[in-house]
Amino acid sequence: MATLESPPPGTPSAMTNAFGTVLSALILLLIGVLAFSIRLFSVIKYESVIHEFDPYFNYRVTQFLSKNGIYEFWNWFDDRTWYPLGRVIGGTVYPGLTLTAGTIWWALNAINIPLSVETVCVFTAPVFSAFASWATYLLTKEVKGSGAGLAAAALLAMVPSYISRSVAGSYDNEAVAIFALIFTFYLYIKTLNTGSLFYATLNAIAYFYMVCSWGGYTFIINLIPMHVLLCIVTGRYSPRLYIAYAPLVVLGTLLAALVPVVGFNAVLTSEHFASFLVFIIIHVVALVYYIKGILSPKMFKVAVTLVVSIGLAVCLIVVAVLVALVASSPTGGWSGRSLSLLDPTYASKYIPIIASVSEHQPPTWPSYFMDINVLAFLVPAGIIACFSPLSDASSFVVLYIVMSVYFSGVMVRLMLVLAPAACIMSGIALSQAFDVFTASIKYQLGRSANSKDDAEDNTSTNNAPKDDSSSGKTDKGEEVAKERPSKKGKKKEREPADKPSVKSKILKKRALVLPLEASIVALLLLIMLGAFYVIHCVWAAAEAYSAPSIVLTSQSRDGLHVFDDFRESYAWLSHNTDVDDKVASWWDYGYQTTAMANRTVIVDNNTWNNTHIATVGTAMSSPEKAAWEIFNSLDVKYVLVVFGGLIGYPSDDINKFLWMVRIGGGVFPHIKEADYLRDGNYRIDSEATPTMLNCLMYKLSYYRFVETDGKGYDRVRRTEIGKKNFKLTHFEEVFTSHHWMVRIYKLKPQKNRIRGRAKKLKLKTSSGLDSKPAKKNPWI
Amino acid sequence: MKKTSSVVDLLLLLLAINVLATPAFSDLVLSKVERRIDVTSQIARVTKTLKVVNSGSESVSEFTLTFPKFLGNNLAYLTVSHSEGKGKAKRSLANLSVKEAHPKGTPDSISFYSVSLPKPLSKGDTLTLEVVAAFTNVLQPFPEKITQRDIHLVMLQESAQYLSPYVVESQSLSIKLPNARIESYTKLENTKVQGSEIKYGPYKNLAQYSYAPIVVHFESKAAFAVAEKLVREIEVSHWGNVQVTEHYNLVHRGAQLKGEFSRLEYQDRPNPQGVSAFRHLLARLPPRAHSIYYRDDIGNISTSQMQSDSKKTELLIEPRFPLFGGWKTFFTIGYGLPLGDFLFASEGKRFLDISFGSPMIDLVTEKLIVQVVLPEGSKDISVTTPFDVKQSHEIKYSHLDIAGRPVVVLEKNNVVPDHNQNIQVYYKFSNINLLSEPLMLITGFFVLFITCIIYTRADFSISKSSAAYLAKLQWDEVLATLQEVQNIIQKCVAAHDKLEASLRDLSRTGDIQTCKAARKSTDSFLKDLSKELRPLLASLQSFPSASQISPKVEELVAKEKELQEKLMAKHTTVVEGYEKKSSGRDIENRIASQQQKIMALRQEVDDLLEFIDEI
């Protein structure tokens, strides 16, 4: 486009323009390739496979979509999960990711490129991270020019926080949502800068895509109103602001309501109220500006007093209505997750099921360094750069970083929202710093050359190539090298080959000129910083974030050891049990069981029904017989437990067991956490409480474990187990994986009732502790 | 179920034999029958050597083979060859054609196969026939369900005497068992056990349809691996690769597992091979097989080992979990083969010569589907197979296909390793077709880039005469002119700098002549520039949209001119001062006021330049 606008080709400025455009396009392409390929470590080190838990659900939904089509998908009632309740998938899932991958798959197959659904799903995230880095370029370009844009794009392409959610195989909502988030912000800023309705409409559509993709869309619909409010308060109201905001609210809300999972929530829940409030405010402000334009100052004063008094009354009414609405709903109109955002202690106090997920915990300081690395130091510089001069766009990114820093402090997961903001800020900071340093070097070199040989004509033009080569030599740092030349290109665009003017400018900005040595050292340090960042990112991508978590590996003396127990047992379930058998396990493994083993599960990772999860938790923490009754009433045939004691796999069910107790106890009060703790300590050795040693989870995990080494040494808890030799009466072992990580038990069929035995049992129960058997099982 | 039915079969057979006496078969006499049954694997492989003598009066061209129905139903493979010569020099000749026959008046409990002899057997002649037959499912696990600790026992039912429509003069039977652990066997006269071998006979001069049922009950450690369904896809690419993909639905057909599966006991067993579960399967792939993978629906299976040398590639694969009796699994293996080893040309046609069955050792396939995918554009497809298979054709769409690739589908039930013979698929293919897909891609990208070029070059505005469009065009022109004006002013400023430089030179060297020369050249240069500037300014004024800018530009030009004049004046003053040999201080004083004005003007010019720059 730049070539179009510039004067006829052939003149040197047109050539440099074209060169700059092509160069930045090439750099962007390389950034895209980088973003894609840095995420392939998981495929190379492990295999092309879907990762973790939620991606398996998304994968299953995508399979359904590709097999049955979009209409079936909307109406899909999944009876293979949450047995016997089932789940309306079409109405409870954010369909953005699934539809995106489904569309890609369909398009590829339409041109006879027979990729499997799995392959498409695995590579969706890397492809979209390339898109996300391009969107970052666009956004930062709108804020601070294309140099900063390229730097930010390069930083985002490899920011570890984002990599952790978008490696190949990590087929989760965030994979496309981050792209949608940045792109929506870009279109908002673009509309704000141009005041074009075209971009405003696109913005609403991008917002719609974001709503489709992730629950995090509420971040957008709160951040943008806040920015609008900020602009109004600081007196930056303009028609462009109105164009950028009003269509977004109207169209965006209408479109958001089209997504089944959001529906009327788009106008009913408190998360969206801020946008409506600001919508009213901006109209009031627009009206005031309009009236100001047509009235004389005197009349205007009168009008202001009139409007303010009426406006206050209206506001009071609106606030009263809002308060009434909010107060009438049980959680105050806020969903649990959002509430825990505002009050970080909310979840751990009231909702154990949210608190039990590790990614909903507040992050620790090292995780900031791990996830955004040197960006944490560059961000303040970026914020300062955004204030000189402060524009609408730069105030937006400042607001964005401030808000996202707060939210990331609440939940680890929202670190992901912080990452783009940090990249944008650091990109701006880096680009500005390079601007200043290279300009000073250029100036200082020019000056010294001037003073050395006065006789030489056109000193500055002679200096230019020398200068270029010297700066080219120093720019060996990776993303630095990428961002530099185009900045030069951009500069050439603006001041085509006119060094004197550059010089005069520099004279003007004399305050910014630094000594030559200092600039060179600073440049080198910046490059080193960049190199450190790159090394850290590659390390994080390769070592920390590429494990698929369903396959574990360990490096030992005799080579690589693979622990593929999960898939081993899922494969066993899928081939050797009846297709309609129900499998009970803790909810973590629900998605994987439905996707990999294709068996009906009782609970899964979509934790929508707390009671149901509590029932399973209760069963796991009950003694064998009570547990058998609960499971039998749920029509369960197999019980799956994950046990890491043999090989030392720490995230097994025994370690999660207290959450089962807590969640179970939250609904069925006869399960008391204190019964499982000895003096407040959770232990499974001989000091453990009898309740602990007799609960189903303990028994299923350690059944015949003692026979492996004679002592029953648990390598995760680093202790010998408490109860060693016991038999199972109501369950039988049907499968245990190679490293004992997954153990599957079958419920034994009910024994024929024998008169004498039944009597004996009765006697026993009446004398025993078990006084309230009816309470034990909620399902009878 | 199967067992009871086979018992019923036996009874029927015995009944039928009593009734039977068909004269058509009476001409031939089997002078010697040797049968060897090998049950070391899950397949019962029967080898028979029959010495046939024509004792009738007419020459006979057909020979009839019989099996009890319960065996005949499970017959997977049967070949009959006749051998000539004697002793060691004996050599087998071509296989004879065998057809399933249903002679009239014969009982249902016997399966008949008629063999057409190479040449009619005339009176008194003898002929030696070699029969190889393989049966599946005849080793019945008994007991049918065992626990993990039990040994795996199977049962074989056969007849100690050779069931034949002919009189048998002398016969013997030997059964080769996998090991010496024999649970029980039917004892008849002349029964001997030698290690892992049981021998019945010799029996002399038995009538037609003699039958003596025997049951052998023994331990088997063989893997009873059965592929319920196996789909082999062989895709030929003329770019140099034959890709084979095999999808196995595997089941362990031995005695079913009863009760718990304990990993502990499974791992404790010192010798894990055999018993009630099998751990791995061995696939013998063709030499030079490459890019081998082994996976299932949910990803790669990491438990496999490969050994390869120039003669073969051996792949030892381990299913995800050990297979106990009745357990099932599914997996896929795939490998690439060099095209040159399998594709040949003959008489203007090409043919693919590749093995039909599974490369797994001792695997029984219940339903085998072989899909040979030929390159797009192949014609005149024909298949030759050494045995009967069901053939059909399909079309497959793969990478960038338009017409689709022709697929030959071959189906066969009950396949044993003996079926691993080569099949030939003949087709015609022209090499031009090879280039079609790359060319298509090239064209596609070419069109894409051309479209991009056209899109960026062409103007897609809706209205060329709209005011906004014209204004934009004009504005572009204004900007261009402005740019030029700016350039010229910059040049002027550069010239001023030069002038200043010459003054500095003067102060250092005192060389007045050079300074004057510099002045002269600068003068003419500046004059040229102002000449250039004039038309530009005029054109700028003519644009209505530039009305706001042109005053500024004019101001800039005026200021610049003033600056020029002042500079000249200063220059003149300084040069004069030097000519008069005034002191440096004097000159300095004289130009001080000028210098101030110059600085102010320069500031203004710079400001204006910046302003214009920002437009």
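Within every chain, residues take consecutive numbers counted from 1 along the sequence as written. Written order determines the labels here, with chains lettered from A and ligands numbered from 1. Two thresholds apply to this predicted model, a pLDDT of at least 70 for residue-level local features and 80 or more for giving and counting side-chain atom pairs, whereas whole-chain, interface and lining totals are computed over all residues. Only heavy atoms go into the side-chain values, all of them from the structure, while hydrogens and water stay out.

A. A look at the environment of P406 of chain B. Residues and elements named next belong to chain B. You can see P406 is positioned in strand β33 (residues 405–415). Remark: exposure states derive from per-residue accessible area (1.4 Å probe, protein chains only) relative to the maximum for the residue type, with buried under 20%, exposed over 50%, and partly exposed in between. On the accessibility criterion, P406 (12% relative accessible area) is buried. Pairs of residues are marked as contacts when any of their non-hydrogen atoms sit within 4.5 Å. In this structure P406 touches V372, V373, L374, P375, E376, S378, I381, E394 and I395, once residues within four positions along its chain are discounted. The helix count covers DSSP runs of H or I at least four residues long, the strand count covers runs of E at least two residues long, and both are numbered beginning at the N terminus.

B. How the structure looks around the pattern of salt bridges. Counted as salt bridges are all cases of a side-chain nitrogen of Lys or Arg within 4 Å of a carboxyl oxygen of Asp or Glu. Inspection of every chain in the model, using the stated rule, returns 47 salt bridges over all chains. Salt bridges here are not isolated pairs; linked through shared partners, they connect E47, D564 and R567 of chain A together with D296 and R320 of chain B.

C. Representation of the pairing of strand β21 (residues 281–285) of chain B. Residues and elements named next belong to chain B. Only one face of β21 is covered, namely the one carrying L281, A283 and L285; the face carrying L282 and R284 has none of its residues buried. One requirement defines pairing of two strands: DSSP has to find at least two bridges between them. Bridge count between β21 and strand β25 (residues 313–317): five bridges; the pairing is antiparallel. Residue L285 lies in a different strand from β25, and its bridge partner there is T313.

D. Summary view of the domain arrangement of chain B. Residue and element names in this part refer to chain B. Structurally, chain B comprises domain 1 (25–84 + 91–217), domain 2 (223–261 + 273–432) and domain 3 (465–612). These domain limits were set by an automatic method or by a database of domain assignments. The distance between the C-alpha centroids of domain 1 and domain 2 comes to 32 Å. If you look at the interface, domain 1 gives 20 residues, while domain 2 gives 24 residues. Two parts placed together each lose some accessible area under a 1.4 Å probe, and the buried area is that loss summed for both. On the domain 1 side of the contact with domain 2, Q42, Y77 and Q148 bury the most area, a combined 33% of that side's loss. The tally of links from domain 1 across to domain 2 stands at one salt bridge. Across the pair D418 and R45 runs a salt bridge, and its minimum N-O distance is 3.2 Å. Identification of polar contacts relies on pairs of N or O atoms within 3.5 Å, with a donor-acceptor requirement for protein atoms, meaning one able to donate a hydrogen and the other able to accept it, and with residues adjacent in sequence counted only if both atoms are side-chain atoms. For the interface between domain 1 and domain 2, the tally reads 10 residue pairs in polar contact (both at pLDDT 80 or more). Put simply, the parts of the chain that give the side of domain 1 that touches domain 2 at least two residues each are β4 (75–84) and β10 (145–146). In terms of residue count, β4 provides more of the side of domain 1 that touches domain 2 than any other element does, three residues in total. Residues belonging to the side of domain 1 that touches domain 2 are distributed by class as follows: 10 nonpolar, seven polar and three charged. Residues are grouped as follows: nonpolar covers Ala, Val, Leu, Ile, Met, Phe, Trp, Tyr, Cys and Pro; charged covers Asp, Glu, Lys and Arg; every other residue, Gly included, is treated as polar.

E. Local environment of helix α29 (residues 590–597) of chain A. Residues and elements named next belong to chain A. Burial analysis of α29 places eight of its eight residues in the buried class, which makes it a mostly covered element. Three or more residues of α29 are buried, namely G590, Y591, Q592, T593, T594, A595, M596 and A597. Among the structural elements, α4 (54–74), β2 (87–88), α28 (565–576), β5 (582–584) and β6 (600–601) are those in contact with the buried residues of α29. Positive phi shows up at N598, right after α29, with a value of about 55 degrees.

F. Summary view of empty space enclosed by the protein. Residue and element names in this part refer to chain B. The rule is simple: put a 1 Å grid over the protein atoms alone, call a set of points where a 1.4 Å probe fits but cannot get out a cavity, call an open set with protein on both sides within 12 Å along at least five of seven lines a pocket, and count a residue as lining if it has an atom within 4 Å of a point. Grid points are joined across faces, edges and corners, and a volume is the space filled by probe spheres set on the points. Applying the stated criterion across every chain, the model contains eight cavities of 30 Å³ or more. Volume-wise, the second largest cavity comes out at about 80 Å³. If you trace the second largest cavity, you find 13 residues lining it, with R35, K48, F67, P68 and E158 closest to the centre. Listing elements by their share of the lining of the second largest cavity, those giving two or more residues are β2 (44–54), β3 (60–68) and β11 (153–159). Considering every element that reaches the lining of the second largest cavity, the biggest residue donor is β3, with three residues. Looking at the lining of the second largest cavity, its residues break down into seven nonpolar, three polar and three charged.

G. Molecular detail of the sheet that holds β5 of chain A. Residues and elements named next belong to chain A. The five strands are arranged β6-β5-β7-β13-β12 in an open sheet whose pairing can be described as mixed. A single partner strand is all that each edge strand has here, and the edge strands are β6 and β12 (731–736). The sheet contact formed by β12 and strand β13 (residues 742–747) spans five bridges and is antiparallel. What sits directly across from E733, in β13, is Y745.

H. Focus on the interface of chain B and chain A. The interface of chain B with chain A comprises 40 residues on the first partner and 42 residues on the second. When chain B packs against chain A, the two sides together hide about 3,600 Å² of surface, and 48% of this comes from carbon and sulfur. There are three salt bridges connecting chain B and chain A. In this structure, the salt-bridge partner of R295 of chain B is E118 of chain A, at a minimum N-O distance of 3.2 Å. Here chain B is connected to chain A by 16 residue pairs in polar contact (both at pLDDT 80 or more). At the level of secondary structure, the elements contributing two or more residues to the side of chain B that touches chain A comprise α3 (263–268), β22 (290–296), β23 (299–300), β27 (328–338), α5 (467–509) and α8 (584–614) of chain B. Ranked by residue count, the leading element in the side of chain B that touches chain A is α5 of chain B, at seven residues.

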